[in-house]
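Survey of secondary and tertiary structure
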Amino acid sequence: MKNNHNHIYICGIGPGHPDYIAPIVYKKVENADILIGGSRHLEIFSDYKKNCFVFTGSLSALKDKMESLQNKTIVVLVSGDTGFYSLRRYIQSALPDAAIDLIPGLSSYQYLYAKVGLGYENALKASLHGKELDFLQAVETYESVFLLTDKKQNWKWIAEQLVNAGYGDYNYHIGIHLSYPDEKIISITAKEALQLDEDYDLSCVIIERNK
Ligand SMILES: C[S@@+](CC[C@H](N)C(=O)[O-])C[C@H]1O[C@@H](n2cnc3c(N)ncnc32)[C@H](O)[C@@H]1O
């Protein structure tokens, strides 16, 4: 792989609201030749009138785009933090010779734990976003289990697994559209969550072990 002399900044932009984005990210965007990110992420920086590449989920298109650039300052915007299930891992392995700096952001787990008044020292933080995980094994081992979700393995599906495994009375915190004006944070039991009718988009959960 040849080095295209690009400098890549992968910036965590927090849960989505501009107030939760670190000032250094705005500086990196200001100095960027091109911004790369999902449309939700690029929208936040539309006033900067930067050249943008919309990441639609195709990793090969992303790699092709980055390899086609020469001597550019590239800012890749990722949700939450760079170190927690972001595009960082793919970009670092796909472009091993590239100069890459990571700018951390506020993860959705940090945001949701703060909002429900809990700490995460004894928590398992994991992802069901496009991957499988036997999280039921962890609910008795850890004080709490935080899970990223996707459309299929969404907060209701997780609640169903909990109820079926006998954990229906565990406290269950659901964070939907965190930091956005339509944010919803619902703290109920897993059993009660089965009666809810809320959005499955952009959500994450905390399962709290019974004391
Ligand atoms: C690819 S992962 C990115 C995780 C991110 N790096 C982090 O630190 O939070 C995408 C998942 O993060 C969660 N997520 C990101 N932003 C969110 C928000 N504003 N509200 C609720 N969940 C969010 C959702 O579970 C979503 O499916």
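Residues numbered from 1 in each chain as written. Predicted model: local features only at pLDDT ≥ 70, side-chain atom pairs only at ≥ 80, totals over all residues. Heavy atoms only, no water.

Remarks on the domain arrangement of the chain
- Taken domain by domain, the chain holds domain 1 (7-106) and domain 2 (109-208).
- The centre of domain 1, based on its C-alpha atoms, is set 27 Å off from the matching centre of domain 2.
- The interface of domain 1 with domain 2 comprises nine residues on the first partner and 13 residues on the second.
- For the domain 1 and domain 2 pair, buried surface summed over both sides reaches about 950 Å², with 69% attributable to carbon and sulfur atoms.
- Applying the counting criterion to the domain 1 and domain 2 interface returns zero salt bridges.
- Along the contact surface separating domain 1 from domain 2 lie three residue pairs in polar contact (both at pLDDT 80 or more).
- Partitioned by chemical class, the residues of the side of domain 1 that touches domain 2 number five nonpolar, three polar and one charged. (Domains from an automatic or database assignment. Contact = heavy atoms within 4.5 Å. Buried area = accessible area lost by both parts, 1.4 Å probe. Salt bridge = Lys/Arg side-chain N within 4 Å of Asp/Glu carboxyl O. Polar contact = N/O pair within 3.5 Å; in protein donor to acceptor, adjacent residues only side chain to side chain. Nonpolar A, V, L, I, M, F, W, Y, C, P; charged D, E, K, R; others polar.)

Let's talk about the packing of aromatic side chains
- Scanning the entire structure with this criterion turns up 13 aromatic pairs.
- On the numbers, 5.6 Å between centres and 55 degrees between planes, the contact of Tyr 26 with Phe 45 is tilted. Remark: Phe 45 occurs in the loop between α2 (39-44) and β3 (51-54) and Tyr 26 occurs in helix α1 (residues 23-30); sequence separation between them is 19 residues.
- Summarising the aromatic geometry, the rings of Tyr 113 and Tyr 120 are spaced 5.4 Å apart at their centres and angled 70 degrees between planes, so their arrangement reads as edge-to-face.
- Grouping aromatic residues by their ring pairs yields a cluster made of Phe 84, Tyr 85, Tyr 109, Tyr 113, Tyr 120 and Phe 146.
- If you follow Lys 125 out to its NZ or CZ, it ends over the ring of Tyr 109, 5.4 Å from the centre. (Phe/Tyr/Trp six-rings, centres within 6.5 Å; stacked < 30°, edge-to-face > 60°. Helix = DSSP H or I, 4+ residues; strand = E, 2+ residues; numbered from the N terminus. Lys NZ or Arg CZ within 6 Å of the ring centre and 35° of its normal.)

Thoughts on the sheet that holds strand β5 (residues 99-103)
- Read across the open sheet, the five strands follow the order β3-β2-β4-β1-β5; overall the sheet is parallel. Of all the strands in the sheet, the pair left with one neighbour each is β3 and β5. For this sheet, the mean angle separating the axes of adjacent strands, direction not counted, is 20 degrees.
- In this structure, strand β2 (residues 34-37) lies alongside strand β4 (residues 73-78), joined through three bridges in parallel fashion. Note on β4: the bridge partner recorded for Ile 34 is Ile 74. (Pairing = 2+ DSSP bridges. Axes fitted to C-alpha atoms, helices over the stretch in contact; angles between N-to-C directions.)

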